[in-house]
Each structure stands twice: as structure tokens, then as C-alpha cells.
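Residue-level listing of the chains:
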Amino acid sequence: MNTDPWIKQIIETGKTVAIPIMTHPGIELLGKKVKDAVTDGQTHYCAIAALNERFPQSAAVTMIMDLTVEAEAFGASLYMPDDDVPSVTGRLVCGADDVAALEVPDIDTARVPEYLKASSLAVENLDKPVLPGCIGPYSLATRLFDMTELMMAMYLEPDTVKALLEKCTEFILRYCQAIKKTGAAGVVMAEPAAGLLSNEDCMTYSSVYIRGIVEKVQDEHFAVILHNCGNSGQCTEAMVATGAKGYHFGNRIDMVEALKGCPSHTLVMGNLDPVGVLKMSSASQVAAQVAELLQRTAGYPNFVLSTGCDVPPGVPMENIAAFYAPLQATQA
């Protein structure tokens, strides 16, 4: 599809649309486990399709925000429970020699083909834009090197960190190019670890590398949407410097301030708390929180209602309905 007119239409119509980052409820609709969906592209797609059929209000469909797919492809060890997303265990690289020896994997490694399969099936069978996900280079590096150790290495051995980031970026670029070939409208690039950095460090160790990817894959047919749920406001400028067509924020940030910091021609998405509100609150409380968010952002036509991060397993279906209800009321 041509994403530029789609983005322009969202902004110019003056009607807010919703694109939550949400797949796990679809897994539950199928009676499957999270492990089934993150290891099998057919199951992943069926979960997306089931959720879209139950809640067709979303302006696009998204995929599971699994931030271990790329790390596993590099060789990282995972803990993969039945009913939650996988997590990386241990360190894969510990210093300059390890980074130098690290090979950039092929795109057909580990579970990457299953995620590409889910994207292809969604594009073929669903009549709306498909937005798969990938990890950002800095967040991938933290999973390979360890978060704390990498932050220390940024000051003690920055050349090692940059060498690792270059390899992470090379693989993510290949992955994004493969996602683009499936016909997806874009990719939601999750870079939450960069939200712990200052604006200057975020620019140096994240945005520069993301911009390199954006310049190679983003065009009128494909949009990069940069997600950073760790940003509390201090690195929005660095996010915008990537040149992405969309910015997705977590519930730590003031959404109005985020909108002020982003170009008016880009989509700015967020930021209902997916756990504290969507999962843990009552349906009436969810609706009230969404209504307040819509009221506060009413002056920004480029605002897209979304969740602050991936919706976790176990969210009540009535709460998902309540998420959409205030938006439907404003458009009635």
C-alpha cells in the first residue's frame, strides 16, 4: 500500500483513530498459549485475525512486541514460558573481542521466518494496514551485552559499543527490508532501553543508527514508527531526529508534551497504560481514562489513540471494548 496518503488522511480528516499495540487477547480468543504464537507464524496470524474480527475498530493491525527475536538470531539464550513473552537470559558478548567475533546472522535464522510468515499472512488476508514490529539497535545491544554493562561500556569503551551497534543495525536493517517485502505498511521499531538515556546519548547511541535504517527502508510505501516507552520527555528531540513517520510513546510521558515535540505531519501515538489501566482497572475506569486522553489531545489531528506499550496477556475483553467506546462516541 501507499502509506503516505493513509497517514495524510488520518491527519486531515480530523477524526482520531485507534491503533493499539495488541495481539495477546487474540491468542486467548484462540485458546492458545503465548508460546504457540511466538514460535509459529500461522498461530500468530490467526491471533491477529481473531482479534481484528472481534474488535475491528483499529485503523491498522499490529503484531506481538517480542524483543527477543533478533537477540535469539544472534545466538542469545532465552527463557520461553508458556503464557508470557520470552526473555533473554545471560550475556552473549562481554567485551571488544566478543563483539569483533560476533557474526551478523542471516534473516532466516531462529524464529525470524515465523514472524515474517505472520506478517505475510496478515497482509494477504486482512483488509487494513499491517504494522509488524522489530527491536531498535540500542535495545538489541543491551540484550546481547547486558543493560548495566552496556551503559558502563558507553563511557569506558565507547568504540566497542559502537561496533556492536553497527552489527545490530545491520541485522535490523535486513529484517526491516524483509518485513517490507511482505507488503506491510510499516514497522513499529521498539527502542525502550534508549529511554533511559539523556537526549545527547540517545542521539549518539540510538538515533544515529535508527536514522540510517529509516533512510534505507522508509518511503511512500513503508513507514517506520519509533516506539520508546522509556522516554519520560528528555529524549523526544532525539527520537524526532531519526526522521521516522510516526512516534509511539509510553505512559511515562505527558502525551500533550510529546505532541508538542513532534512534527505535525507525523503520527504521534500513545499512551494508555496497558497494565495499570487496561489490565488492572474496571471497564468504566478504562473508558474514563481514554475519554480524558482524547479530550486532552483534541487539538492535535496527528494524534493516534494507542496503548503505551504492548497489551499484556490477561486483559479482560470488556476492558478492550471500553478502550474503543469513547472514540466511537466522539465520532457518532
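This text gives an overview of the structure that appears in the document.

How each quantity is defined
- Residue indices begin from 1 for each chain and proceed along its sequence in written order.
- pLDDT decides what is reported in this predicted model: residues at 70 or higher carry local features, side-chain atom pairs at 80 or more are listed and counted, and totals for whole chains, interfaces and linings draw on all residues regardless.
- As a rule here, side-chain values cover all heavy atoms of the structure and leave hydrogens and water aside.
- Helix numbers and strand numbers start at the N terminus; a helix is a DSSP run of H or I with at least 4 residues, a strand a run of E with at least 2.
- All radius of gyration figures rest on C-alpha atoms, and the globule criterion is 2.2 Å times the number of residues raised to 0.38.
- A simple rule labels every residue: compare its accessible area, found with a 1.4 Å probe on the protein chains alone, to the largest value its type can have, and call it buried under 20%, exposed over 50%, or partly exposed in between.
- Only heavy atoms matter for contacts: two residues are in contact if any of them lie within 4.5 Å across the pair.
- When DSSP locates at least two bridges between a pair of strands, those strands are taken to pair.
- Lines are fitted to the C-alpha atoms to define the axes, a helix being fitted only along its stretch in contact, and any angle between axes, read from their N-to-C directions, falls within 0 to 180 degrees.
- Polar contact is the term for a pair of N or O atoms within 3.5 Å; when the atoms are in protein, one must be able to donate a hydrogen and the other to accept it, and sequence-neighboring residues count only if both atoms are side-chain atoms.

The subject of this paragraph is the overall build of the protein. If you tally the helices and strands in the protein, you get 15 helices and 10 strands. For a compact globule of 332 residues, the expected C-alpha radius of gyration is about 20 Å, and the protein comes in at 19 Å, within 12% of that figure. For the protein, the C-alpha atoms occupy an extent of roughly 60 × 40 × 35 Å along the three principal directions. Per-residue burial over the protein gives 56% buried out of 332 residues. Residue pairs in contact within the protein that sit at least 24 positions apart in sequence constitute 74% of those at least 6 positions apart.

Moving on, we get to the sheet that holds strand β7 (residues 223–228). Taken together, the six strands give an open sheet; going across it, the order is β5-β6-β7-β8-β9-β10, and neighbouring strands pair in parallel fashion. Sheet topology places β5 (133–135) and β10 (303–307) at the edges, where each strand pairs with a single neighbour. If you compare each strand with its neighbour and ignore which way they point, the axes differ by 25° on average. Note: strand β8 (residues 246–249) against strand β9 (residues 267–272), three bridges, orientation parallel. In the strand pairing of β9, Tyr247 is matched with Val268. Of the strands in this sheet, β7, β9 and β10 touch helix α1 (residues 3–13), which is tilted by about 60° from β9. Docked against the sheet, helix α10 (residues 158–181) engages β5 and β6 (186–190), running at close to 175° with respect to β5.

The topology assignment puts Asn228 in strand β7. In this structure the side chain of Asn228 is engaged in a polar contact, spanning 3.4 Å, whose partner is the backbone nitrogen of Gly195.

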